[in-house]
Amino acid sequence: MSVVVEVLVLGFLISALYALAALGFTMIFGVAGVLNLAHGAFAMVGAYVAIGALDRGLSLPLAALVAVVGMALFAPLFYWLIVRPVERHPILVMLGTLLAAVVLEQIVGLSFSFNSQILPPLVGGSFSLLGVRVTYDRVVASAIALAVITGLWLFIHKTPQGKAILALSMERKGAALVGIPARRVILGVWAISGALAAVAGLFIASFMGISPLEERALLVIAFSIVVLGGLGSIPGSLWAAFIIGFSETVVQQVAPEAQGLASLALLMLVLTLRPQGLLGRAAA
Amino acid sequence: MAGALLEVEGVSVHYGKACALHDVSFRVEEGEVVAIIGPNGAGKTTLLNALSGLVPYRGRVRFAGRDLPKQPHEIVGLGLIHCPEGRSLFPYMSVLDNLLLGAYRRRDEPAEIERDLEMVFELFPRLKERQRQPVHTLSGGEQQMVAIGRALMARPRLLMLDEPTLGLAPIVRAHISQALERLRERTRLTVLLAEQNTEFAFRHADRLYLLETGRLVREGTVHELKEDPYVQKAYLGS
Ligand SMILES: Nc1ncnc2c1ncn2[C@@H]1O[C@H](COP(=O)(O)OP(=O)(O)OP(=O)(O)O)[C@@H](O)[C@H]1O
Ligand SMILES: [Mg+2]
């Protein structure tokens, strides 16, 4: 019984964090056709911005805010300087963003250290649920992650700006012909993507710790989720995040030595049956 | 001639080295329906794409007395609206969302947009029934209605229609034909129609231009073109 509760609580948290990490990545691909291989680095840099802000004496919530806003500004700038000049050449985009990620790793590693660091919990204390200790921090983190995901969903489906993002991801020419300014919308999506990556990075740094090179693992997770769900599909990424999050949690409980293999096996299975991923290219 | 709603002067379009439009000049007056007719590959779609900012061109275009801007969203903002070949709808969105996105750049009262939506539904009652349905599940004819409806939702000053009845069954074609007529009776809409189907073009146009391999080779009223021996021989099968 307690194993089930443990898996449910932990699995939900991990899945929600994975979803946060993957959503920005898939949105950028859906809207601009860009595979941003620096997405993991965005999450990592976001976490270190918060760590740096804490070192300078800011409170944790304020440091988190600085990190999220900072990445929401950094990501569009990154697009403008690094991606836009080579946008038409997917290979150069991949090389450029990958290189940029390595540069960011080095910058962060040299300014902080290459060792793992951990962010303090947002709230202290814990309670017992059917014999399992659950920290309030995890509950709060899950709630925040869920709120962010819901907010994103409402923004995309209920506001004109959100619908413009969807429209652009489905049909570029149609979007131009109804007067959607592609460039501006794409900058906005980079900002959202940066902010989401920062939120994911903060939570991951708080629960598992983070090091500069950790960004590669984050990118691999985001990439697997997005491929599993279908490149560019937001609901696909949500499904995939929960599938991978929960299966990893289960594997960790019952066969810790097989960790990481579960998602790989799932990925291979889905891609064999459905090469376009769970939800294909339908961004809605 | 000054004062035409759309004035096109010496417009050329190149795809790489290939010249798709060569020194094309024409005008569309307020309230007119002007058709550009011509065979496959003549450059009709290229012309409309140039005017809506999708394809770069050389030459001069004035719309409503000003030089036409270059960016599609600026052009849409001026009311030059393009209902394209292939429709370019948003396939996984509902009919309603597609229509409402047509009004994306409008900044007038929501009530005005609502009124235009009712007008589109009145014109195409089928769309009202299917407003919640994703567009990719509609038939070709219904999709064409959405495409025209979406363009109308922008409240066009000039509506550019690219082969609106291409590939549709006769009954759907007749329906769209009627809708176009009712629309004109009601709103004095100005239309630039690109058409390969001469019957459809002759039925709706006030004036026509004949485009062949990127050049305008004839201009005239329906009557003038029908009487033209060259047009008769090449296009009217007599
Ligand atoms: N994107 C493109 N790249 C290169 N050539 C193109 C492109 N689009 C059109 N062309 C060429 O330009 C010429 C004009 O094409 P266009 O589509 O404008 O003709 P059209 O009159 O609309 O024909 P149709 O009646 O078949 O739609 C054709 O020779 C076509 O092959
Ligand atoms: Mg054409």
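Bear in mind that the values here come from a model prediction, so they are computed numbers and not experimental data. (Residues numbered from 1 in each chain as written. Chains lettered and ligands numbered in written order. Predicted model: local features only at pLDDT ≥ 70, side-chain atom pairs only at ≥ 80, totals over all residues. Heavy atoms only, no water.)

*Asks:* Sorry if this is basic, but what is going on with the packing of aromatic side chains here?
*Replies:* According to the stated counting rule, one finds 13 aromatic pairs over all chains in the structure shown. Here the aromatic residues Phe42, Phe74, Phe78, Tyr79, Trp80 and Trp190 of chain A are joined through ring pairs into a cluster of three or more. The positively charged end of arginine 84 of chain A is found above the aromatic ring belonging to tryptophan 80 of chain A, 3.8 Å away from the centroid. Just above the ring of phenylalanine 90 of chain B sits the side chain of arginine 150 of chain B; from NZ or CZ to the centre is 5.0 Å. (Phe/Tyr/Trp six-rings, centres within 6.5 Å; stacked < 30°, edge-to-face > 60°. Lys NZ or Arg CZ within 6 Å of the ring centre and 35° of its normal.)

*Asks:* What is the right way to look at the site of ligand 1 in this model?
*Replies:* Residues and elements named next belong to chain B. The environment of ligand 1 is made up of 13 residues, and the closest members are Asn40, Lys44, Thr45, Thr46 and Glu85. A distance of 2.6 Å is found between an oxygen atom of ligand 1 and a side-chain nitrogen or oxygen belonging to asparagine 40. Against a free-state accessible area of 630 Å², the protein chains account for coverage of 57% of ligand 1. (Near = heavy atom within 4 Å. Polar contact = N/O pair within 3.5 Å; in protein donor to acceptor, adjacent residues only side chain to side chain. Areas by Shrake-Rupley, 256 points an atom, 1.4 Å probe, with all protein chains shown as cover.)

*Asks:* Is there a simple way to explain the coordination of the magnesium ion (ligand 2) in this structure?
*Replies:* Tetrahedral coordination by four donors puts the ideal angle at the metal at 109.5 degrees, and octahedral coordination by six puts it at 90 or 180 degrees. Residue and element names in this part refer to chain B. Listed as protein donors to the magnesium ion (ligand 2) are Thr45 (OG1) and Glu85 (OE); their distances from the metal cover 1.9 to 2.3 Å. Of this pair, threonine 45 sits in helix α1 (residues 44-51) while glutamate 85 is found in the loop between β6 (80-83) and α3 (95-102), placing the two residues 40 residues apart along the sequence. Here threonine 45 falls in the buried class, since its relative accessible area comes to 18%. Using a relative accessible area of 34% as the deciding quantity, one classes glutamate 85 as partly exposed. (Donors = N, O, S within 2.8 Å, 3.2 Å for Na, K, Ca; no water. Helix = DSSP H or I, 4+ residues; strand = E, 2+ residues; numbered from the N terminus. Buried < 20%, exposed > 50% of the residue type's maximum accessible area, 1.4 Å probe, protein only.)

*Asks:* Is there a simple way to explain the environment of aspartate 67 of chain B in this structure?
*Replies:* Residues and elements named next belong to chain B. Along the polypeptide, aspartate 67 turns up in strand β5 (residues 66-67). Residue aspartate 67 is classed as partly exposed on the basis of its relative accessible area, which comes to 44%. Placed 141 residues apart in sequence, aspartate 67 and leucine 208 show a C-alpha to C-alpha distance of 24 Å. The residues touching aspartate 67, leaving out its near neighbours within four places in the chain, are Arg60, Val61 and Arg62. Reaching out from aspartate 67, the side chain makes a polar contact with the side chain of arginine 60 at a distance of 3.3 Å. (Contact = heavy atoms within 4.5 Å.)

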